[in-house]
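Reading the structure
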Amino acid sequence: MPIIQATDIVKIYPNGVLANDRAQLSVEKGEIHALVGENGAGKSTLMKILYGIEAPTSGTITLRGQTVHISNPQAAIDMGIGMVHQNFMLVDSFSIAENIALGCESTRNRGLTVDRQQAIRDTEALSQQYGLFVEPTARVDTVPVGMRQRVEILKALHRGAEILILDEPTAVLTPRETQDLFAAVRNLVNEGKTVIFITHKLREVMEISDRVTVMRDARTVDTVHTADTSEAELARMMVGREVFMVVDKPPVDRGKPVLEARSLTYINATGRTLLHNATFTTYEAEILGIAGVEGNGQTELVEVLTGLRAATGGEAFVDGQPVLGYGPRKVREAHVAHIPEDRLTNGVAVMASIGDNLIVDRYYRSPFTRAGILDSAAISTNSGQLIEQFNILAPSGDLPVGSLSGGNMQKVVLARELSSSPRLLIAAQPTRGVDIGAIEYIHQQLVDQRTGGLSILLVSADLQEVMKLSDRIMVMYNGEIVGIFPNTPDLTEEKLGLYMLGAERQPAAEMERFR
Amino acid sequence: MRLSSRQRALLGFSLLMGLLVVALISYKAYDLGSDFSWETVKNTTDWQSVLLVNVLIGISVTLLILELKWDALRVLLTVVVALLFGYLMTAVFSLDAADDLIRGDFRVQVLSDAPSAVDLSYEQDVTADFDPAAGEARYHFAGSEGDEVTILAYATDAEAGLDVQVSLLDSGGEVLETANEASRRFTRQYSDYLTGETDAVIDGFALPANGTYTILVEPEAGTDPVAAELGVALFSDAAPALDLLYNGPAVGDVFNKENADNPVTEARYTFAGSEGDAITVLAYVLRSNVAADLKVALLDADGNTLVQNSDASREQVETYSAELKSTKDAIIEAFILPADGVYTVYTQPEPLTTGTRLSETFKTTNKAYDAFLLGPLSRLNRWVIWIRDALTLIMLGLAIAIVFRANQFSLGAEGQLYFGALASGVVGLTFGDLPKPILVPVALLSAATAGFLWGLLPGALKAYLGANELVSTLMLNTIAQRFYEMVLTFQLQPPDAGYTASEWIPENGLLPPIIDLNGDTVTVAVYLLIFLVLLTWVLIQRTPIGYEIRMIGANIKFADFGGVNTRRTIMLTMAISGIVAGLAGAHLAMGIHRKLILNISIGLAFEGVVVALLARNNPLVVPFTGLLYAYLRTGSQVMERDTNISAEVVRIIQAVVILLITAEALVTFFRRRRIQRRGTIELDIGDSGDNNGTTGAASGGTLEGAHV
């Protein structure tokens, strides 16, 4: 008998979006069950329903054979269902023990004070039992991401979770941390817990799970034993067609230097050094990939280079012209294009039309402005061309960008940036939040542009993506460049992982060779 | 340009609606309802200009539909819902309307052809020729037990030689008291009546019971009856036992007088009647504007109701047209009294039923709403006031729409308006001898400049110092208003003026009128406005700066990312908005008031906010919403003048409109949030989950700010 089973779950959001269409999920006790699917396939919605965040439109959930009604997360917790969200729900300024105890803390003095010692003892005991190492007294904001995740898991276990839902747990982890996590997950299963593991990384599915359920277009495609399947088969089930996750990347000789960044430093308002002494060069016809765990200075580097943030020190030249300290327009006029890491923040204006979104960097120039007046014909010609050229699924350029899917929104960004005849493209997380089909397309575009002579600075949290696309890879840790490597076949994820965690640092002389 | 069938249908429909509105408004404005002829139109003052303005109103309707499409319906629905709410509020204010039906002055009268059962009452005297053949004269009066009465009987001419004797008889004919002479004391005391000792006085006789008494006057025993004029007078300090005499004067009071401590709710009046008398009782309101609805009853001496009635027929109203005002008055006609005695006429307002209360409430409300909704078209001068106010509101709406498009919640239009009015007024007053074609443009230009500068200031504060534009503009508004008052009071006000206002602006400094209705004018500001609307539209939709404004409004981080100099644009946006607001001020000074007055705008700019919000900050829709809003304002003034309902009802309607627009913005906000969420659901790879939902909502909030 499955420990938890969801039958014929239908979820229609109030805006009419069908997020789950007779979705099925059946998880046995003591297994690691992977749930995979493209973005928007409905796996997050299904998990939200299991955890009581969303109510299903129809369908039943049975827990240990009994039909249950999970009305809110508290009810889910009471039933022994725990969830570890991708974005951690921790109080940064509390200690780890306090975070774990929060909400069900033991008290002293008739409930007036919290028994911190008891919380620390509980944390240590749990930590021991499940082999999830944490420092009970450390403040959450001072510990690494991997430990925060373990805190989240302990928090759920502390509340008596028997079934643990892990939502994309590896997205923020380095390869090493991922291995640690997998060990801990196996340990949990040995202790009798059940784990539902949401991911889109098929390699991890193959490695960790016992069974895997694939979702596509709000429906469950199938549930298979991991041992009986392959990555390729899973990918086909996910996408519904054959997927070639290989990019056609011909070798090409790099050309002249384009961007020369020297000693870039950024210190924020509170005095923290977020970017320290970054010196590197990008070249024509080359993709320079930046690897690193998120939050190690990549965002600041990109924003300093594109003029969105004023550098504290250093200088940068594009084709010999200084670009620092003049603001975004000057940078753009030096033919630097920029795909921002969060398109919804500054990559698009969702309420504005596609046409307006496509000209934000050039609206003031001919042919869009003539004699001080905007030429609406030129704007719509432009959007028409780009929609066609970049396969943007939109009937007209007059529609607001907000009506597009994530992948098509990203194509609008890509279309705008690549059509600005750039010398340098700074692409931050270019495939974040887009579906596999669009990822393929964007990867091919980037590589084709590089082959055509464009210099690309690629920042991605997805190490595989960096390794697949880059000609050279630069690793950032704690705001510093800790290594620069040519992307040769002997460069492994594991090796890069050591640099990403700060365990290794390239000698200056060697770094200089590849700078 | 090729149009799809849908676009053609939309265009056709909007043109049709526009034409319909032109036709309706022209019909009312030219008063074609009274005489549908071309002559009526041509006899209207400045009829061509009136037609022009009506056509412009029609165009504004067309633009509304073309620009907003189905959203236009939502704009109208918003207003309709607000009007319905206002109707309910008006009804609540009118809940006491029915009180008028039980309030007011009334009168009661008893008419009869029969001789009156009594012919005297206290403090009254009668004179009549004494008939020697009859040998006696009888008078009747009604009295109450214990009344002390004094009776005089006298010959008016002492030389006539009539010596009288007077007796008091009760209703049974029993003689209670007799007197035959008047002592010297009495002749002195009643020298107005008595002529000598031959007259007779019964002095201070206390009546033994309630009832009618008879005064019998005879020649004194032993003297001859002589033909002479005989007088009888009756005095008593007591209240008269009877209130009414047949065909006597009407008596009455006020029912339910407002603010009275003990309001009169019913009234009783007595009269004496004899068996067989045919009497008619009338109860009626004193003036025809009193709405009270009366009923009347006749009670016998024991208090039993003999007959009652609450209305009068139409014929009766005509018959007794001197008394009865309407069928609501009450009449008892030709009732035969069953016995001798004292009767009581009882009257009261007809008691109000809940039904009456409700129907009166809605009758009043309907009347008020009729004035409210049709008032501005009921007379051409009200139409002029409507158009004139609309011009100001549209300019302010445009000014607000510009800043709101950039998502800047600047409310500085009020202050810019004051400075605009001041600048144009001062120029007009100072250079009054310049020729008009020079002076008017210069005055307008200075108003625009003043507004520009007063907008630049908060713009700079926001852009370079991060000062919240809402707070800074509100503060600057106060400064502008006080500065205006200071200049007005200490510099411009003529020393001998009784109130705070400048001199009249000389003719050369005024906007030339295109419609002049005895001083109520619509000026060339109409043309200026057409120009401003088009200019604002071109600015926002067709210029690089407009693109910047729109992108800043849609997502300021996106504008920053694209290289827009957002600080400069924000500053410029607020300054450009100031130009339009400044011109609105000039229109107030040079077009409407024709001098500078205190409180030239009382929060007009805030009504401009409603106008802009209703128009979704679309400059082509602002003329419609401005006209709509000004129509409501004018209507409310008519309503206040014509009915008891206060114009504050319009404030309520305004508040409801704002609430509804805010609610609507909330709806869009949630829809936006869902788009953001959908975006982040697809962000599964890197960052999904609930945290993101929240940031999505937060950025949705900033995006949506433009609408709020």
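Residues numbered from 1 in each chain as written. Chains lettered and ligands numbered in written order. Predicted model: local features only at pLDDT ≥ 70, side-chain atom pairs only at ≥ 80, totals over all residues.

Here the focus is the overall build of chain A. Of regular secondary structure, chain A possesses 18 helices and 24 strands. Relative to its length of 515 residues, chain A is compact, with a C-alpha radius of gyration of 25 Å against a globular reference of 24 Å. Structurally, chain A occupies a C-alpha span of about 70 × 50 × 50 Å along its principal axes. Within chain A, the proportion of its 515 residues that are buried is 49%. In chain A, once contacts between residues fewer than 6 apart in sequence are set aside, the share between residues at least 24 apart is 67%. (Helix = DSSP H or I, 4+ residues; strand = E, 2+ residues; numbered from the N terminus. Rg over C-alpha atoms; globule rule 2.2 N^0.38 Å. Buried ≥ 20, exposed ≤ 12 C-beta atoms within 10 Å, placed from the backbone. Contact = placed C-beta atoms within 7 Å.)

Moving on, we come to the overall build of chain B. Within chain B, the regular secondary structure consists of 19 helices and 18 strands. Taken over C-alpha atoms, the radius of gyration comes to 41 Å for chain B, far larger than the 27 Å a tight globule of 708 residues would show. The principal-axis extents of the C-alpha atoms in chain B amount to approximately 135 × 65 × 55 Å. Split into buried and exposed, the 708 residues of chain B put 48% on the buried side. Looking at chain B alone, contacts between residues at least 24 apart form 77% of all its contacts between residues at least 6 apart.

Residues and elements named next belong to chain A. Within the secondary structure, aspartate 222 sits in strand β12 (residues 219–225). Considered as a pair, aspartate 222 and leucine 25 are 197 residues apart in the sequence and their alpha carbons are 9.3 Å apart. If near-sequence neighbours (up to four positions away) are discounted, aspartate 222 is found in contact with Val214 and Met237.

With that settled, the discussion passes to the pairing of strand β9 (residues 163–167) of chain A. All names here are of chain A. Of all five residues in β9, five are buried, a share of seventy percent or more. Of the two faces of β9, both are covered, the one formed by Ile163, Ile165 and Asp167 as well as the one formed by Leu164 and Leu166. Relative to strand β10 (residues 194–199), β9 runs parallel, the two being bridged by five bridges. Bridged to aspartate 167 within β10 is isoleucine 198. (Pairing = 2+ DSSP bridges.)

Our next topic: the nonpolar core. All names here are of chain B. Met395 and Leu396 are the most contacted members of the largest nonpolar core, which has 218 residues in total. Per-element tally for this core: the top contributor is helix α8 (residues 380–405), with 19 residues. If we skip the residues at most four places from it in the chain, leucine 396 touches Ala413, Ala581, Ala584, Leu604, Ala605, Gly608 and Val611. Counting 71 residues, the second-largest nonpolar core is a separate cluster that includes Leu101, Ala153, Val201 and Leu298. (Core = buried A, V, L, I, M, F, W, Y, C linked by C-beta atoms within 7 Å.)

All names here are of chain B. Burial within helix α16 (residues 604–614) is extensive, with ten of its eleven residues counted as buried. Those residues of α16 not exposed but buried are Leu604, Ala605, Glu607, Gly608, Val609, Val610, Val611, Ala612, Leu613 and Leu614. Two residues or fewer past α16, arginine 616 is found with a positive phi of approximately 55 degrees.

This part covers the domain arrangement of chain A. All names here are of chain A. The domains assigned to chain A are domain 1 (4–239) and domain 2 (257–514). In this structure, domain 1 and domain 2 have C-alpha centres spaced 33 Å apart. At the interface, ten residues of domain 1 touch 13 residues of domain 2. If you list the elements that add at least two residues to the side of domain 1 that touches domain 2, you get α6 (175–190) and α8 (231–239). Of the residues belonging to the side of domain 1 that touches domain 2, the class tally is five nonpolar, three polar and two charged. (Domains from an automatic or database assignment. Nonpolar A, V, L, I, M, F, W, Y, C, P; charged D, E, K, R; others polar.)

Glancing now at the sheet that holds strand β7 (residues 200–206) of chain B. All names here are of chain B. Taken in spatial order, the four strands line up as β2-β9-β4-β7 in an open sheet, and their pairing is antiparallel. The sheet terminates laterally at β2 (124–130) and β7, the two strands that pair on one side only. Taken over all neighbouring pairs, the strand axes of this sheet differ in orientation by 15 degrees on average, direction set aside. Judged from the seven bridges that link them, strand β4 (residues 148–155) and strand β9 (residues 228–236) form a sheet pairing that is antiparallel. From the neighbouring strand, leucine 152 faces β9, where its bridge partner is alanine 233. (Axes fitted to C-alpha atoms, helices over the stretch in contact; angles between N-to-C directions.)

A few words on the domain arrangement of chain B. Taken domain by domain, chain B consists of domain 1 (100–115 + 254–352), domain 2 (124–236) and domain 3 (379–628). Here domain 2 of chain B and domain 3 of chain B have C-alpha centroids that lie 89 Å from each other.

Residue and element names in this part refer to chain B. Here four strands make up an open sheet; going across it, the order is β3-β8-β5-β6 and the pairing antiparallel. Unpaired on one side and paired on the other, β3 (137–143) and β6 (175–179) mark the two borders of the sheet. Across the sheet, the axes of successive neighbouring strands diverge by a mean angle of 20 degrees, strand direction being ignored. Pairing geometry for strand β5 (residues 164–169) and β6, over four bridges, is antiparallel. Its bridge partner lying in β6, leucine 169 is registered against valine 175.

Residue and element names in this part refer to chain A. With 15 residues, helix α4 (residues 116–130) should cover 21 Å at 1.5 Å per step; its first-to-last C-alpha distance of 21 Å lies within 8% of that length. Considered for burial, the residues of α4 that qualify are Ala119, Asp122, Thr123 and Ser127. Down the axis of α4, the sector holding all buried residues measures 130 degrees, keeping them to one side. Along α4, the residues that are exposed and aim more than 90 degrees away from the buried face are Gln117, Ala125 and Gln128. Buried residues belonging to α4 abut α3 (96–101) and α5 (145–158). (Expected span 1.5 Å × (residues − 1). Arc of directions from axis to C-beta.)

All names here are of chain B. Across four bridges, the pairing between strand β17 (residues 513–517) and strand β18 (residues 520–523) is antiparallel. Bridging from a neighbouring strand, aspartate 516 pairs with threonine 521 of β18. Here β17 folds back onto β18 in antiparallel fashion, the turn holding two residues, of which asparagine 518 has a positive phi close to 50 degrees.

What follows is about the packing of helix α4 (residues 70–93) of chain B against helix α7 (residues 354–378) of chain B. Residue and element names in this part refer to chain B. Axis separation between α4 and α7 bottoms out at 9 Å; the angle between their running directions is 130 degrees. Taken together, α4 and α7 sit at an angle that is classed as oblique. By crossing handedness, the relation of α4 to α7 is classed as right-handed. Seen from α4, the contacting residues are Tyr87, Thr90 and Ala91; seen from α7, they are Thr361, Phe362, Thr365, Ala368 and Tyr369. The residue makeup of the contact of α4 with α7, split by class, is five nonpolar, three polar and no charged. (Parallel < 35°, antiparallel > 145°, perpendicular 65-115°, else oblique. Left-handed = near helix turned anticlockwise from the far one by under 90°.)

Here the focus is the environment of glutamate 148 of chain B. Residues and elements named next belong to chain B. Looking at the element boundaries, glutamate 148 is found in strand β4. Residue classification places glutamate 148 among the partly exposed residues on the basis of 14 C-beta atoms within 10 Å. For the pair glutamate 148 and aspartate 203, spaced 55 residues apart in the sequence, the C-alpha separation amounts to 8.4 Å. Leave out the neighbours within four places in its chain, and glutamate 148 touches Gly204, Phe205, Ala206, Ser236, Asp237 and Ala238.

The subject of this paragraph is the packing of helix α14 (residues 406–418) of chain A against helix α15 (residues 436–451) of chain A. Helix-helix packing is described using two parameters, namely the angle between the two axes and the distance between the axes. All names here are of chain A. Relative orientation of the contacting elements α14 and α15 amounts to 10 degrees, with a least axis distance of 10 Å. Comparing their axes, α15 and α14 come out roughly parallel. Contacts from Gly407, Gln410, Lys411, Leu414 and Leu418 of α14 reach α15 at Ala438, Ile442, Gln445 and Gln449. Classifying every residue of the contact of α14 with α15 gives four nonpolar, four polar and one charged.

Where the model shows low pLDDT, its predicted coordinates should not be examined in detail. All names here are of chain B. Confidence in the prediction for chain B averages 84 pLDDT; 93% of positions are at 70 or higher. This model gives residues 675–708 a pLDDT under 50, and the stretch forms 89 contacts once residues within four places in sequence are excluded. Scoring of the predicted complex yields 0.73 for pTM and 0.73 for ipTM. (pLDDT = per-residue confidence, 0-100.)

Residue and element names in this part refer to chain B. Considering the arrangement of structural elements, one finds threonine 521 in strand β18. Along the chain, threonine 521 and asparagine 381 lie 140 residues apart, while their C-alpha atoms are 8.8 Å from each other. When near neighbours in sequence (up to four residues on either side) are disregarded, threonine 521 contacts Pro513, Ile515 and Asp516.

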